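Given next are the chains, with one letter for each unit.
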Amino acid sequence: MTALPTPQQPVTVRAFAQRLSATPRAARLARHLALAQLHTWGIPPGCDASDAVALVVAELAANAVTHGRVPGRDFELRLSLVTGSVRVEVTDTVGDRRPPAPGEVAPPADPLDESGRGLLLVDAVADRWEVLEREPPGKTVRAEIDLPGWAVLWR
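Predicted model only: the values in this text are computed from it and were never measured. (Residues numbered from 1 in each chain as written. Predicted model: local features only at pLDDT ≥ 70, side-chain atom pairs only at ≥ 80, totals over all residues. Heavy atoms only, no water.)

Trainee: Which residues make up the pairing of strand 4 (residues 128–133), and what values go with them?
Mentor: Remark: a regular strand shows side chains that alternate across the two faces of the sheet. Sheet topology note: the strand 4/strand 5 (residues 139–146) ladder contains 6 bridges and is antiparallel. In the sheet register, W129 faces strand 5, and the bridge partner there is A143. In this antiparallel pair of consecutive strands, strand 4 and strand 5, the connection spans 5 residues, and G138 shows a positive phi of 155°. (Pairing = 2+ DSSP bridges. Helix = DSSP H or I, 4+ residues; strand = E, 2+ residues; numbered from the N terminus.)

Trainee: Talk me through the pattern of salt bridges; I want residue IDs and the actual numbers.
Mentor: Considering all chains together, one arrives at 9 salt bridges under this definition. The salt bridge partner of R87 is E144, with a shortest N-O separation of 2.7 Å. Placement of R87 in strand 3 (residues 85–92) and of E144 in strand 5 is noted, with a sequence separation of 57 residues between them. Look at E144 and you get buried, because its relative accessible area is 11%. Each of E76, R78, E89, E130 and R142 takes part in a single network of salt bridges with overlapping partners. (Salt bridge = Lys/Arg side-chain N within 4 Å of Asp/Glu carboxyl O. Buried < 20%, exposed > 50% of the residue type's maximum accessible area, 1.4 Å probe, protein only.)

Trainee: Residues and numbers for the packing of helix 2 (residues 48–67) against helix 3 (residues 118–125), please.
Mentor: Running from amino to carboxyl end, helix 2 crosses helix 3 at an angle of 150°, the nearest separation of the two axes being 9 Å. The orientation of helix 2 relative to helix 3 falls into the category roughly antiparallel. Helix 2 and helix 3 meet at a crossing whose hand is left-handed. Where helix 2 approaches helix 3, its residues A52, L55, V56, E59, L60 and N63 are matched on the opposing element by G118, L119, L121, V122 and V125. In terms of residue class, the contact of helix 2 with helix 3 is made up of 8 nonpolar, 2 polar and 1 charged. (Axes fitted to C-alpha atoms, helices over the stretch in contact; angles between N-to-C directions. Parallel < 35°, antiparallel > 145°, perpendicular 65-115°, else oblique. Left-handed = near helix turned anticlockwise from the far one by under 90°. Contact = heavy atoms within 4.5 Å. Nonpolar A, V, L, I, M, F, W, Y, C, P; charged D, E, K, R; others polar.)

Right, here's the structure in full:
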């Protein structure tokens, strides 16, 4: 007797990738591109999921151009619509300066500091996130935002 195969959902059905120059203007562009891509995938602007993805992309792209910038090298934005969530990945080319891991992010020492809150926001908004090594030298920060009612997007 042969067992029937268990039906499985596809892992990734839609993906987007874009290399951008490591400049503040490109970090802003990354956010706009992400929102446009989400809209193409049926996730409307202004909903909780698109707002969360926009914030995560903005913070990770800003970190890539501020802390992960190597002159003449780009950073990369990747979005994937996976089963039940949107995965955001931002990759830069600086491997020796790793951000703190999830759960290790601390607020700035001075509450009036104008920077140092980006990963705190990512930690608060994303359902999961991690820092991955990249070959050649570099790193990828990956975050996932869950999509309530995601099955509607598969039609």
